[in-house]
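One letter stands for each residue in the lines below.
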Amino acid sequence: MRATTRTSRLFRVILLPACLLAAAIVPADACTRLVYIGPDGNVITARSMDWKSDIISNLWVLPRGIARSGQAGPNSIKWTAKYGSVVVSGYDVSTTDGVNEAGLNANLLWLAESEYPAFGARSKPGLTIAAWAQYVLDNYATVAEAVDALRKEPFTIVTDNVPGENRLTTVHLSISDAGGDSAIVEYVGGKQIIHHSRSYQVMTNSPTFDQQLALNSYWQTIGGTVMLPGTNRAADRFARASFYVNAIPKDENPDRALASVFSVIRNVSVPYGLNTPEEPNISSTRWRTVFDHKRKLYFFESALTPNTFWVDLKALDFSEKTGRVKMLDLGPDQNHTFSGDATGNFRERAPFQFLGLSG
């Protein structure tokens, strides 16, 4: 898909499938990310992707050595991928979820309060919001490494109106690694804010992360075995996920631990096709990903199929010389037929282009 150009504004980024709803009188957003920390270095990150319609998601294998641009015009950041990755695309023009060969996981979720810095000729080099997660996966092996680099603000995030709507694409970023470390990156009032702690295991949507922590402290005083909020609201999902991710057994068997994590991310998912009068355009969970950082297994589960499949990163060729860009075509509404180990089902394709301006 070609980048768009125009004279009056910088560029129009296509809607990222990062938990944004189409226009509604009462907008509702959803998506949840959680990190399980178990014994023997067993760390698992899970996320749900909620959207009102087909977001045209496919899985991509991206090897090391790919040269990239921030797609923000002449003043774009440039980099070459140090790490290979497996990502889930949105409309095949953005990375909305993914993992790299070093065991780093990145997820984009909607945050209505996001405000990015102004971008101009004198700004730091621009980075399209469509490639924000990919930049992190390409460049860093751990959360600490990523946080140290991002605190220096090497780029300016560039976003614009959601196509067909009079509101901006606004997302925040979560990252987690094989050691169980986590960070949440938000832009509030035009300033980058990074929340970095191993204890930050859960992220949902509004309000901002500091306020989510404050809200969750209330439920912690009550205790999850007494009562937990049950709605699809972000704060309620945050409370449920925070309780359950630490209440499930710290099982030494990685398969049973994986089953427990799947049960938690399903618990905070939105029933498919949910339609309530007071919120007629609420998002349904479209798919879920679960990443076993230790075994480097990346699981994908669609709401429209009974099958769960996985990709074994250890079996992929990420090398610059012999690695190839490959895609796993999930079909309309991710109505695929894959089951079990789908690593061998990827087919070589030309890489997708991040939407923005050539730089």
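Here, the structure is the one placed above.
The sections below set out a description of the structure shown in this document. Note that the structure is a prediction, hence the values are computed from the model and not measured.

**With respect to the sheet that holds strand S8 (residues 105-110)**
Move 1: Read across the open sheet, the nine strands follow the order S13-S12-S11-S8-S7-S6-S3-S18-S20; overall the sheet is antiparallel. In the strand order of this sheet, the two ends are held by strand S13 (191-196) and strand S20 (347-348), each with one partner.
Move 2: Looking at chain direction, S8 and strand S11 (residues 171-176) are connected through six bridges and run antiparallel. In the strand pairing of S11, Leu-108 is matched with Leu-173.
Move 3: Against the sheet, helix H1 (residues 132-139) engages strand S3 (59-62), strand S6 (85-90), strand S7 (94-100), S8, S11 and strand S12 (182-188), with an angle of about 20 degrees to S11.

**Side note on helix H4 (residues 234-247)**
Move 1: With 14 residues, H4 ought to run about 20 Å at 1.5 Å a step, and its terminal C-alpha atoms sit 20 Å apart, in line with that.
Move 2: Among the residues making up H4, those that are buried are Ala-234, Asp-236, Arg-237, Phe-238, Ala-239, Arg-240, Ala-241, Ser-242 and Val-245.
Move 3: Where the residues of H4 are buried, they touch strand S1 (32-37), strand S14 (202-203), helix H3 (209-222) and helix H5 (254-267).

**Brief notes about the pattern of salt bridges**
Move 1: Tallied over the entire structure, the rule returns 12 salt bridges.
Move 2: In this structure, the salt-bridge partner of Asp-97 is Arg-47, at a minimum N-O distance of 2.8 Å. Separated by 50 residues along the polypeptide, Asp-97 in strand S7 and Arg-47 in strand S2 (residues 43-51) bring together distant segments of the chain. The burial state of Asp-97 is the same as that of Arg-47; both residues are buried.
Move 3: A salt bridge links Asp-255 to Arg-295, with the nearest nitrogen and oxygen atoms 3.0 Å apart. Pair noted here: Asp-255 is in helix H5 and Arg-295 is in the loop between strand S15 (284-292) and strand S16 (297-302), with a separation of 40 residues, a long-range link.
Move 4: Accessibility expressed as a relative area gives 46% for Asp-255, which makes it partly exposed.
Move 5: Residue classification places Arg-295 among the partly exposed positions, given a relative accessible area of 23%.
Move 6: Within this structure, Asp-255, Asp-292 and Arg-295 form a network of salt bridges that share partners.

**A few points about the pairing of S3**
Move 1: Alternating positions in S3 separate into two faces, Leu-59 and Val-61 on one and Trp-60 and Leu-62 on the other, with burial throughout.
Move 2: Relative to S6, S3 runs antiparallel, the two sharing four bridges. Paired with Trp-60 across the bridge in S6 is Val-87.
Move 3: Sheet topology places S3 next to strand S18 (residues 326-328); three bridges connect them, and they run antiparallel. Considered in S18, the bridge of Val-61 is made with Lys-326.

**Some points on the environment of Gln-220**
Move 1: Relative to the helices and strands, Gln-220 is located in helix H3.
Move 2: As a C-alpha pair, Gln-220 and Ala-239 span 19 residues in sequence and 8.1 Å in three-dimensional space.

**Concerning the packing of H3 against H4**
Each pair of packed helices gets described by two things: the angle between the helix axes and the distance between those axes.
Move 1: Orientation of H3 relative to H4, taken along the N-to-C sense of each, is 60 degrees, at an axis distance of 9 Å. Between H3 and H4, the angle is such that the two are oblique. Pair H3 / H4 crosses with right-handed handedness. Where H3 approaches H4, its residues Phe-209, Gln-212, Leu-213, Leu-215, Asn-216 and Trp-219 are matched on the opposing element by Ala-234, Ala-235, Phe-238, Ala-239 and Ser-242.

**Here we look at the nonpolar core**
Move 1: Counting residues in each nonpolar core, the largest one holds 49 residues, and the members touching the most others are Leu-34, Leu-59, Val-86 and Phe-309.
Move 2: For this core, the leading source of residues is H5, giving six residues.
Move 3: Those residues in contact with Leu-59 that lie beyond four places of it in its chain are Val-86, Val-87, Val-88, Phe-300, Phe-309, Val-311, Lys-326, Met-327, Leu-328, Leu-330 and Phe-346.
Move 4: Core analysis: the second largest hydrophobic core is formed by 39 residues, Trp-60, Trp-79, Leu-108 and Val-143 among them.

**What about the environment of Ser-199?**
Move 1: Tracing the backbone through its elements, the reader meets Ser-199 in the loop between S13 and S14.
Move 2: Separated by 164 residues in sequence, Ser-199 and Val-35 have C-alpha atoms that sit 9.3 Å apart.
Move 3: A distance of 2.8 Å separates a polar atom in the side chain of Ser-199 from a polar atom in the side chain of Ser-197.

**Topic: the packing of aromatic side chains**
Remark: the centre distance and the inter-plane angle together describe each pair of aromatic rings, the angle taken between the planes.
Move 1: Going through the model one piece at a time under the given rule, you end up with 16 aromatic pairs.
Move 2: When the centroid spacing of 5.7 Å and the interplanar angle of 50 degrees are considered together, the rings of Phe-299 and Trp-310 count as tilted. Placement of Phe-299 in strand S16 and of Trp-310 in strand S17 (residues 308-312) is noted, with a sequence separation of 11 residues between them.
Move 3: Note on Trp-310: relative accessible area 29%, which makes it partly exposed.

**What to know about unusual backbone geometry**
Move 1: Ser-206 connects to Pro-207 through a cis peptide bond whose omega is 0 degrees.
Move 2: With respect to the helices and strands, Pro-207 occurs in the loop between S14 and H3.
Move 3: A positive phi angle, near 60 degrees, is found at Asp-40, a position not held by glycine.
Move 4: Tracing the sequence through the fold places Asp-40 in the loop between S1 and S2.
Move 5: Located in the positive-phi region is Gln-334, a residue other than glycine, with phi close to 55 degrees.
Move 6: Among the structural elements, Gln-334 can be located in the loop between S18 and strand S19 (340-341).

The rules behind the values
Residues numbered from 1 in each chain as written. Predicted model: local features only at pLDDT ≥ 70, side-chain atom pairs only at ≥ 80, totals over all residues. Heavy atoms only, no water. Pairing = 2+ DSSP bridges. Helix = DSSP H or I, 4+ residues; strand = E, 2+ residues; numbered from the N terminus. Contact = heavy atoms within 4.5 Å. Axes fitted to C-alpha atoms, helices over the stretch in contact; angles between N-to-C directions. Expected span 1.5 Å × (residues − 1). Buried < 20%, exposed > 50% of the residue type's maximum accessible area, 1.4 Å probe, protein only. Salt bridge = Lys/Arg side-chain N within 4 Å of Asp/Glu carboxyl O. Parallel < 35°, antiparallel > 145°, perpendicular 65-115°, else oblique. Left-handed = near helix turned anticlockwise from the far one by under 90°. Core = buried A, V, L, I, M, F, W, Y, C linked by side-chain atoms within 4.5 Å. Polar contact = N/O pair within 3.5 Å; in protein donor to acceptor, adjacent residues only side chain to side chain. Phe/Tyr/Trp six-rings, centres within 6.5 Å; stacked < 30°, edge-to-face > 60°.

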